[in-house]
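For reference, the chains in residue letters:
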Amino acid sequence: MDKDKKYIMDTYARHDVLFDSGLGSTLYDKDGKPYIDFTSGIGVNSLGYGDKAWLAAITGQAEKLQHISNLYYTAPQIILAEKLTEAAGMKKAFFCNSGAEANEGAIKLARKYSFDKYGGNRADIITLKGSFHGRTITTLKATGQEKFHNYFFPFTEGFVYAEADNFEDFISKADNSVCAVILEGVQGEGGVCPLDIGYVQKVASYCVSNDILVIFDEVQTGVGRTGKNFCFEHFSVKPDIISVAKGLGAGLPIGAFLCNEKLEDILQPGQHGTTFGGNPVCTAGAVVVLDRVCNDAFLKSVTEKGRYIKEEVKSFNSPLVKDIRGKGLMIGIEIDGIAPKEIIGACLENGLAILSAGSNVLRFLPPLVISYEEIDKGLGILKKVLGMHA
Ligand SMILES: Cc1ncc(COP(=O)(O)O)c(C=O)c1O
């Protein structure tokens, strides 16, 4: 840990734990102490740790061919594209390496569509206050939180911020300079705040009438996390573009943006690309993820586990808990009277890893495969810690 401080830039407020291994949804530190994992690496390790089928797929692929340029075809990328587009009801995919890159690609695609059809003065994109879309210069500016718009000037132009769940505010900003809107069905980093269904439906139908593209940022919410293949399904709307990352790779870096038929031919050879994106090892693993997650029985289990966790936390009757919200296994517990980091630190000491979101929310993003036994152990620790601080 001293060498970490010496050799690695100090951009993360790391906790004092060095994790060494994991099994199921339990992590072990260097001394063998177990921790129930309600983080899954911020929504990444969807199949937990040591999943046999995923391991067989990635190691088998690494033995055969670990990487080849996107100038050639590889089977895992094609198989994944078919499964992913079908699961999302979309037409085509582009693979990259992270959520920010997926959003960058989605933004490029939206702007190119508008440029081809309307020329150069229709490039603005509406994003919502409280959103989070990534850490690149463009996606930081797309993020609707002022605290991210510092230091790194000049940022990319062309983002307009609208109040979440305020349709009047949206239409006041959706003038003829706007080509797209980006929505997170549940704002994750912003505090686990689900958007209102009526609001999203009104925005989507306004966008259809005005040829404004609807982009869903599904980086955190996608691939089963909310109990649906993709979170947009909760709103019964059809986006033009979605961005995906995190849980798709189950722990290996992969992202993607997907589009509908309207956009399938917008990006032509040479207009977008990546060295690593769609890597055969990552895509072979992601195929296993989709095979496991994208079916009714699995998605139902995610919904039920989420409901169980929410009900259990409610039954604690803790005076610190102000609100319990979220969808599926993306859960936010708004707390009052104590900073999330106090609770997170005490949970960690007692063997439970949890996250925060916004300034006053505890966030749970456990592996989608977490067992009820592990959930109960984790909630037992949370109950004890909340009791100690009440
Ligand atoms: C909704 C959303 N979009 C984009 C990102 C950025 O993803 P990445 O960190 O993989 O670049 C995140 C990461 O937390 C996210 O939650």
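Residues numbered from 1 in each chain as written. Predicted model: local features only at pLDDT ≥ 70, side-chain atom pairs only at ≥ 80, totals over all residues. Heavy atoms only, no water.

### Describing the site of the ligand
Consideration 1: Near the ligand there are 13 residues, and of these G99, A100, E184, D217 and Q220 occur at the shortest range.
Consideration 2: In this structure, an oxygen atom belonging to the ligand sits 2.8 Å away from a main-chain N or O atom of A100.
Consideration 3: Burial of the ligand by the protein chains amounts to 82% of its free accessible area of 390 Å².
Consideration 4: Split by residue class, the shell around the ligand holds 3 nonpolar, 6 polar and 4 charged. (Near = heavy atom within 4 Å. Polar contact = N/O pair within 3.5 Å; in protein donor to acceptor, adjacent residues only side chain to side chain. Areas by Shrake-Rupley, 256 points an atom, 1.4 Å probe, with all protein chains shown as cover. Nonpolar A, V, L, I, M, F, W, Y, C, P; charged D, E, K, R; others polar.)

### Structural notes on the domain arrangement of the protein chain
Consideration 1: Structurally, the protein chain comprises domain 1 (2-50 + 298-389) and domain 2 (65-293).
Consideration 2: Distance from the C-alpha centre of domain 1 to the C-alpha centre of domain 2: 26 Å.
Consideration 3: Taken together, the 26 residues of domain 1 in the interface contact 27 residues of domain 2.
Consideration 4: Taken together, the two surfaces of domain 1 and domain 2 that pack against each other cover about 2200 Å², and 63% of this comes from carbon and sulfur.
Consideration 5: Three residues, L299, K327 and M330, lead the burial of domain 1 against domain 2; their summed loss comes to 31% of the area buried on that side.
Consideration 6: The interface formed by domain 1 and domain 2 contains 1 salt bridge. (Domains from an automatic or database assignment. Contact = heavy atoms within 4.5 Å. Buried area = accessible area lost by both parts, 1.4 Å probe. Salt bridge = Lys/Arg side-chain N within 4 Å of Asp/Glu carboxyl O.)

### Some thoughts on the pairing of strand β7 (residues 178-183)
Consideration 1: Counted residue by residue, β7 has 6 buried out of 6 residues, so it is predominantly covered.
Consideration 2: Pairing of β7 with strand β10 (residues 213-217), which is carried by 4 bridges, proceeds in the parallel orientation. What sits directly across from L183, in β10, is F216. (Buried < 20%, exposed > 50% of the residue type's maximum accessible area, 1.4 Å probe, protein only. Helix = DSSP H or I, 4+ residues; strand = E, 2+ residues; numbered from the N terminus. Pairing = 2+ DSSP bridges.)

### Some details on the sheet that holds strand β13 (residues 321-327)
Consideration 1: Taking strand neighbours across the sheet as the criterion, the 4 strands line up as β13-β14-β17-β16 in an open arrangement whose pairing is antiparallel. Whereas interior strands pair on both sides, the edge strands pair on one side only; in this sheet they are β13 and β16 (355-357). Going from strand to strand, the sheet's axes swing by 30 degrees on average, the running direction of each strand aside.
Consideration 2: Where β13 meets strand β14 (residues 330-335), 6 bridges bridge the pair, whose relative direction is antiparallel. Paired with V321 across the strands is I335, a residue of β14.
Consideration 3: Most of the contacts of helix α11 (residues 340-349) go to strand β17 (residues 361-364), to which it runs at about 40 degrees, and overall it touches β14, β16 and β17. (Axes fitted to C-alpha atoms, helices over the stretch in contact; angles between N-to-C directions.)

### Side note on a nonpolar patch on the surface
Consideration 1: There is a patch of nonpolar side chains on the surface, built from L65, I68, L71 and Y72 and spanning about 430 Å² of accessible area.
Consideration 2: Position of I68 among the secondary structure elements: in the loop between α3 (52-64) and α4 (75-88).
Consideration 3: A relative accessible area of 31% places I68 in the partly exposed class. (Patch = residues over 30% accessible without salt bridge, like charges linked within 9 Å, V, L, I, M, F, W, Y side chains within 5 Å.)

### Focus on the environment of I107
Consideration 1: As for its position among the elements, I107 is in helix α5 (residues 99-118).
Consideration 2: When the C-alpha positions of I107 and I241 are compared, they lie 9.4 Å apart, and in sequence the two are 134 residues distant.
Consideration 3: With residues near it in sequence (within four places) discarded, I107 still touches I125, T138, A142, F159 and I182.

### Concerning unusual backbone geometry
Consideration 1: The omega torsion of the bond from F153 to P154 falls at -5 degrees, within 30 degrees of zero and hence cis.
Consideration 2: For P154, the position within the fold is in the loop between α6 (137-142) and β6 (159-162).
Consideration 3: For D165, which is not glycine, the phi torsion reads 65 degrees and is therefore positive.
Consideration 4: Its location among the elements puts D165 in the loop between β6 and α7 (167-173).

### Details of α4
Consideration 1: The first and last C-alpha atoms of α4 sit 20 Å apart over 14 residues, in line with the 20 Å expected at 1.5 Å per residue.
Consideration 2: For α4, the complete set of buried residues consists of P76, L80, L84, T85, A87 and A88. Projected onto a plane normal to the axis of α4, the buried residues spread over an arc of 155 degrees and lie on a single side.
Consideration 3: Contact partners of the buried residues in α4: α3, β4 (92-96), β11 (241-244), β12 (255-259) and α9 (280-293).
Consideration 4: Of the residues trailing α4, G89 is marked for its positive phi of about 65 degrees. (Expected span 1.5 Å × (residues − 1). Arc of directions from axis to C-beta.)

### Things to note about the nonpolar core
Consideration 1: Ranked by size, the top nonpolar core spans 87 residues in total, and within it I343, I354 and L382 carry the most contacts.
Consideration 2: At 8 residues, α9 tops the list of elements feeding residues into this core.
Consideration 3: Structurally, this core is a two-domain feature, drawing no fewer than three residues from each of domain 1 (2-50 + 298-389) and domain 2 (65-293).
Consideration 4: Each residue touching I354, except ones within four places of it in the same chain, is listed here: F38, T39, I343, I344, C347, L362, R363, F364 and L382.
Consideration 5: Formed by 22 residues, the second largest nonpolar core is a distinct cluster that contains C96, C179, C259 and I266. (Core = buried A, V, L, I, M, F, W, Y, C linked by side-chain atoms within 4.5 Å.)

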